[in-house]
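# Breakdown of the fold
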Number of protein chains: 2
Amino acid sequence: MGEQKKRLQEFLDKIRRDLDRTIEFWSKYSLDKEHGGYFICLANDGHVYDETKYTWLESRQVWMYARLYNELERFKTPEILATAEHGAQFLLMHMKRKDTGKCYLSLNREGLPVKEQRTIYSECFYLMAMSELHRATGNQQYRDEAIDMMKQILHWVLVDDSGLGRKKLAGNMPADTLAVPMMLLCLIEQLTTMDPDLASSYADTEQWCLSQVTKHVQRDGSVILENVSPDGKELPGCQGRLTVPGHAIEAGWFLLQRAQKLKDPTLKSLAIDKFILTSFNRGWDTKYGGLFYFLDVDGESPVQLEWDMKLWWPHNEAMIALLMAYIERRDADLLEKFSTVFNYCYSHVHSRNAAARVCFHVFDNQKNEDSNDNDTQDLHQHRNSSRRPGT
Amino acid sequence: MGEQKKRLQEFLDKIRRDLDRTIEFWSKYSLDKEHGGYFICLANDGHVYDETKYTWLESRQVWMYARLYNELERFKTPEILATAEHGAQFLLMHMKRKDTGKCYLSLNREGLPVKEQRTIYSECFYLMAMSELHRATGNQQYRDEAIDMMKQILHWVLVDDSGLGRKKLAGNMPADTLAVPMMLLCLIEQLTTMDPDLASSYADTEQWCLSQVTKHVQRDGSVILENVSPDGKELPGCQGRLTVPGHAIEAGWFLLQRAQKLKDPTLKSLAIDKFILTSFNRGWDTKYGGLFYFLDVDGESPVQLEWDMKLWWPHNEAMIALLMAYIERRDADLLEKFSTVFNYCYSHVHSRNAAARVCFHVFDNQKNEDSNDNDTQDLHQHRNSSRRPGT
């Protein structure tokens, strides 16, 4: 038995323990019992330091409670379900514009809109929350919301995006981003998990997504580029050379799910060898550890300030993708890479003082000797409690 | 004579040398002789790695050449003037929308618009470029462009901002940002430097700006907050607690300029003691050195990913402000602080390989032993060649 295989139980125990205390922490501190929904900006001791309700995170929290309720026996409790519905009711009331079907990006504590984004992502997370909660409750309204939103999203993506409100300027280069078809694959997975009979309704869209995602494999399969031309060519400049390792690995996870459903060995290989492994090998910082956020495939200077940050979510996604790939292929190298990410995360997460930290954390490049330094440093390293919503 | 005072000649020599080679580098590599304007994304060896023309930077480059031509004998050459006009002609042709008077944030190589921002800042930099170039050339068109743009900006700020195209949502908290009155003070300084007779036209606006800027001094004068309510109160949440040390120090520089013109000792003290010194003391990282980009005044986690980055421009601005304050007050402590920033910059700028690096650099928290490591690390530390335009 390989070295890492012996650790499988340790991996499971640690992650299960962290999941339990994270759910406990958020269930205890994040519910806004006066105005509904969840507080998102929680400090380590549970106090609320900002009342803004970011809808990506509200929706994901609903989804998370509902998914745990649906899939794990120990979370199948009336409390967990009530906590999910608590969030969903707030979203039903405030998140979606009645006139356009667009969702807001953020709301104030009372649910009044603060920001709207000209993309489809808030809408995707709304759909996922509603769909998963339908699985838990059987409530028809949640199902209808999810299916209607899918129709609306597909209209924006495939037919006419003018409803998103994006200004088109003469110098804009036509570009397709990996995020859109990848997100649609995730939505199809969600909706067909809710109702397998929906698979045929989305079969054509699924094929379209797979061909779109594949366009991003560039330079003889050596890199996944984030943006390509509509006819699948590399674009000039920084936009064209951008690779987002964590994003590509996440796409690999979604592709592998589809490949397993479709029992397609070519697609499995594309998911594991190209999207997951190529991106992991390119994106892993061999000096300090961790996945870079953005890279330029030619090694030029990325224009994003945050390019070399080690953010928590790409590491979570990489662990999921690598473990999924290992289960598919039983290749020791995949488990080795999983444990590399696992070790990095556990040695850079400051979990000794607070239950919250495991959940939301930005890693630094700083060496380990810094990480046990003092509380001020510690506070500074715990620097973001939410995925920053883009604008 | 104090320790730092003995170093004044060293400071001057080093900065002059860097200014000379920086101007030489950009004059050599940044001109787009085919389509006009300047290339902005230059690598260390001078090659262009992206052709996007960010108008903040195009405008500032015009301003910089023109200011050097106007103020420093060794730059008063036909070449420098021609280089400034080369950029200005491109901006006149492509930067401003004929229909609305708004300026674009970025253009493609040919000058077609790529992005437009719903703020006044591109317009401010356009004004500054035109105004300074009028000083150099006497060309009436540049003067007219500057004065017309000032009228337009004041209309947006003081009368009606609907032309900026910002969507107003029910949950938006009325908030005044330090950036707007501070930028207007800078524009008034620019226009009255171009033509001192304009001072009376802008006297009322200047008074309005000074009262607006003063509203941001909060908590018994212990902090400059970036956003306050229209009636000068602290706002709730992260937005209210945000302090941007480099920004406040820059505001101190603009205030001190006005105070010197107005011969106002109270305003001088406000500029030096509150805006410059309070912000410097709060924003300086006593552990690793450098100015933090964003801070929460209560020590909560800032929501901006880049909050603890040490970016090049706040350090430049701090050096200018501290030296200006020292000249005003001849207080050794101010020169001591200047030299602290100077030492930090020179020990974290990787200038041995390339002329470009001094100009555009993002500092890391990493310790000095890393900074002489190897070329890969070096490349990674040189991570951004432009101030990232916000959206």
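Predicted model, so just to flag it, every value in this text is computed and none were measured.

## Comments concerning the overall build of chain A
- A count of helices and strands for chain A gives 14 helices and 13 strands.
- A total of 391 residues make up chain A; the buried ones form 60% of that total.
- For chain A, the proportion of contacts with a sequence separation of at least 24, taken over those separated by at least 6, is 61%.

## A look at the sheet that holds strand β4 (residues 104–107) of chain B
Residue and element names in this part refer to chain B.
- Strand order in this open sheet of 3 strands is β3-β4-β5, and the pairing throughout is antiparallel. With one partner strand each, in any of the chains shown, β3 (53–54) and β5 (113–116) form the two edges of the open sheet.
- The pairing of β3 with β4 spans 2 bridges and is classified as antiparallel. Looking at β4, one finds that Y54 is bridged to S106.

## Description of the packing of aromatic side chains
- The final tally for this structure, using the stated rule, is 32 aromatic pairs over all chains.
- Residues A:F11 and A:F338 carry aromatic rings whose centres are separated by 5.0 Å and whose planes lie at 70° to one another, so their mutual orientation is edge-to-face. Taken as a pair, A:F11 in helix α1 (residues 8–29) and A:F338 in helix α12 (residues 332–348) lie far apart in primary sequence, 327 residues in all. The two residues A:F11 and A:F338 agree in class, both being buried.
- Among the aromatic residues, those joined into a ring-pair cluster are A:F11, A:F338, A:F342 and A:Y346.
- The lysine or arginine in question, A:K76, covers the ring of A:Y69, its NZ or CZ lying 4.4 Å from the ring centre.
- A cation over an aromatic ring shows up here: B:K53 above the ring of B:F39, its NZ or CZ 5.4 Å from the ring centre.

## A look at the sheet that holds strand β5 (residues 113–116) of chain A
- If you trace the 3 strands from one edge of the open sheet to the other, you get β3-β4-β5 (chain A), paired in antiparallel fashion. Both outer strands of the open sheet, β3 (53–54) and β5 of chain A, are each paired with one neighbouring strand and no more.

## Some remarks on the pattern of salt bridges
- All chains considered together, the criterion is met by 64 salt bridges over all chains.
- Between B:E51 and B:R109 there is a salt bridge; the shortest N-O distance is 3.8 Å. With B:E51 in the loop between β2 (48–50) and β3 and B:R109 in the loop between β4 and β5, the pair connects residues that are 58 residues apart, well separated along the chain.
- Using a relative accessible area of 39% as the deciding quantity, one classes B:E51 as partly exposed.
- Here B:R67 makes a salt bridge to B:E132, at a shortest N to O gap of 2.9 Å. Here the residue B:R67 occupies a position in helix α2 (residues 55–71), and B:E132 occupies one in helix α4 (residues 121–137), the gap between them amounting to 65 residues.
- Judged by its relative accessible area of 22%, B:R67 falls in the partly exposed class.
- Three or more residues joined by partner-sharing salt bridges are found here, namely A:D32, A:E34, A:E51, A:K53 and A:R109.

## Remarks on the pairing of β5(A)
Residue and element names in this part refer to chain A.
- In this sheet, β5 lies alongside strand β4 (residues 104–107) in antiparallel orientation, the contact comprising 3 bridges. Residue pairing across strands places Y104 opposite E116, the latter belonging to β5.
- Two successive antiparallel strands, β4 and β5, enclose a turn made up of 5 residues, where G111 displays a positive phi of approximately 105°.

## Here's the deal with the environment of B:V114
- Within the secondary structure, B:V114 is located in strand β5.
- Taking the C-alpha atoms as reference points, B:V114 and B:L133, 19 residues apart in sequence, are found 26 Å from one another.
- When near neighbours in sequence (up to four residues on either side) are disregarded, B:V114 contacts A:L169, A:G171, A:N172, B:S106, B:L107 and B:N108.

## Observations regarding a positive patch on the surface
- A surface patch of positive charge is lined by A:R118, A:R166, B:R118 and B:R166.
- Topologically, A:R118 is positioned in the loop between β5 and α4 (121–137).

## A look at the domain arrangement of chain A
Residue and element names in this part refer to chain A.
- Domains assigned within chain A are domain 1 (42–164) and domain 2 (176–365).
- Here the C-alpha centre of domain 2 lies 23 Å away from the C-alpha centre of domain 1.
- Where domain 1 abuts domain 2, roughly 1800 Å² becomes buried across the two surfaces, and 74% of that area is made up of carbon and sulfur atoms.
- At the boundary of domain 1 with domain 2, the tally comes to 1 salt bridge.
- The interface formed by domain 1 and domain 2 holds 5 residue pairs in polar contact (both at pLDDT 80 or more) in total.
- Of all the elements in the fold, those that place two or more residues in the side of domain 1 that touches domain 2 are α2 (55–71), α4 and α5 (140–159).
- No other element matches α4, which puts 9 residues into the side of domain 1 that touches domain 2.
- Classifying every residue of the side of domain 1 that touches domain 2 gives 14 nonpolar, 3 polar and 4 charged.

## Digging into the packing of helix α11 (residues 312–329) of chain B against helix α12 (residues 332–348) of chain B
Residue and element names in this part refer to chain B.
- Direction vectors running N to C along α11 and α12 enclose 155°, while the axes themselves pass 8 Å from each other. Judged by the inter-axis angle, α11 sits roughly antiparallel to α12. Along this stretch, α11 crosses α12, giving a crossing that reads as left-handed. Each of H315, M319, L322, L323, A325, Y326 and R329 in α11 lies in contact with α12, whose residues at this interface are L334, L335, K337, F338, V341, F342, Y344 and C345.
- Per-class residue counts for the contact of α11 with α12 are 12 nonpolar, 1 polar and 2 charged.

## Some thoughts on α5(A)
Residues and elements named next belong to chain A.
- If you check α5, its first and last C-alpha atoms are 27 Å apart, about what 20 residues at 1.5 Å a residue would give, namely 28 Å.
- Where α5 is concerned, the buried positions are Y142, R143, E145, A146, M149, M150, I153, L154 and W156. The buried residues of α5 occupy one face: seen down the axis, they fall within an arc of 160°. For α5, exposure combined with an orientation more than 90 degrees from the buried face picks out K151 and V159.
- The inward-facing, buried residues of α5 contact α3 (78–94), α4, α6 (179–194) and α7 (203–214).
- At the N-terminal end of α5, a side-chain oxygen is found 2.8 Å from the backbone nitrogen of Q141, two or three residues along, and the residue is N139.

## Considering the side chain of A:T192
Residues and elements named next belong to chain A.
- By the secondary structure assignment, T192 is in helix α6.
- For T192, the side chain forms a polar contact with the main-chain oxygen of E189, separated by 3.3 Å.
- Discounting residues that sit within four places of it in the chain, T192 has contacts with L198, A199 and R258.

## Some remarks on α2(A)
Residue and element names in this part refer to chain A.
- Compared with an ideal rise of 1.5 Å per residue, which puts 17 residues at 24 Å, α2 spans 24 Å between its outermost C-alpha atoms and is within 8% of the ideal.
- Along α2, the residues that are buried comprise T55, W56, L57, E58, S59, Q61, V62, Y65, A66, L68, Y69 and N70.
- Those residues of α2 that are buried are in contact with α1, β3, α3, β4 and α4.

Cut-offs and rules
Residues numbered from 1 in each chain as written. Chains lettered and ligands numbered in written order. Predicted model: local features only at pLDDT ≥ 70, side-chain atom pairs only at ≥ 80, totals over all residues. Heavy atoms only, no water. Helix = DSSP H or I, 4+ residues; strand = E, 2+ residues; numbered from the N terminus. Buried < 20%, exposed > 50% of the residue type's maximum accessible area, 1.4 Å probe, protein only. Contact = heavy atoms within 4.5 Å. Pairing = 2+ DSSP bridges. Phe/Tyr/Trp six-rings, centres within 6.5 Å; stacked < 30°, edge-to-face > 60°. Lys NZ or Arg CZ within 6 Å of the ring centre and 35° of its normal. Salt bridge = Lys/Arg side-chain N within 4 Å of Asp/Glu carboxyl O. Patch = residues over 30% accessible without salt bridge, like charges linked within 9 Å, V, L, I, M, F, W, Y side chains within 5 Å. Areas by Shrake-Rupley, 256 points an atom, 1.4 Å probe, with all protein chains shown as cover. Lys, Arg positive; Asp, Glu negative; His and termini not counted. Charge placed at Lys NZ, Arg CZ, Asp CG, Glu CD. Domains from an automatic or database assignment. Buried area = accessible area lost by both parts, 1.4 Å probe. Polar contact = N/O pair within 3.5 Å; in protein donor to acceptor, adjacent residues only side chain to side chain. Nonpolar A, V, L, I, M, F, W, Y, C, P; charged D, E, K, R; others polar. Axes fitted to C-alpha atoms, helices over the stretch in contact; angles between N-to-C directions. Parallel < 35°, antiparallel > 145°, perpendicular 65-115°, else oblique. Left-handed = near helix turned anticlockwise from the far one by under 90°. Expected span 1.5 Å × (residues − 1). Arc of directions from axis to C-beta.

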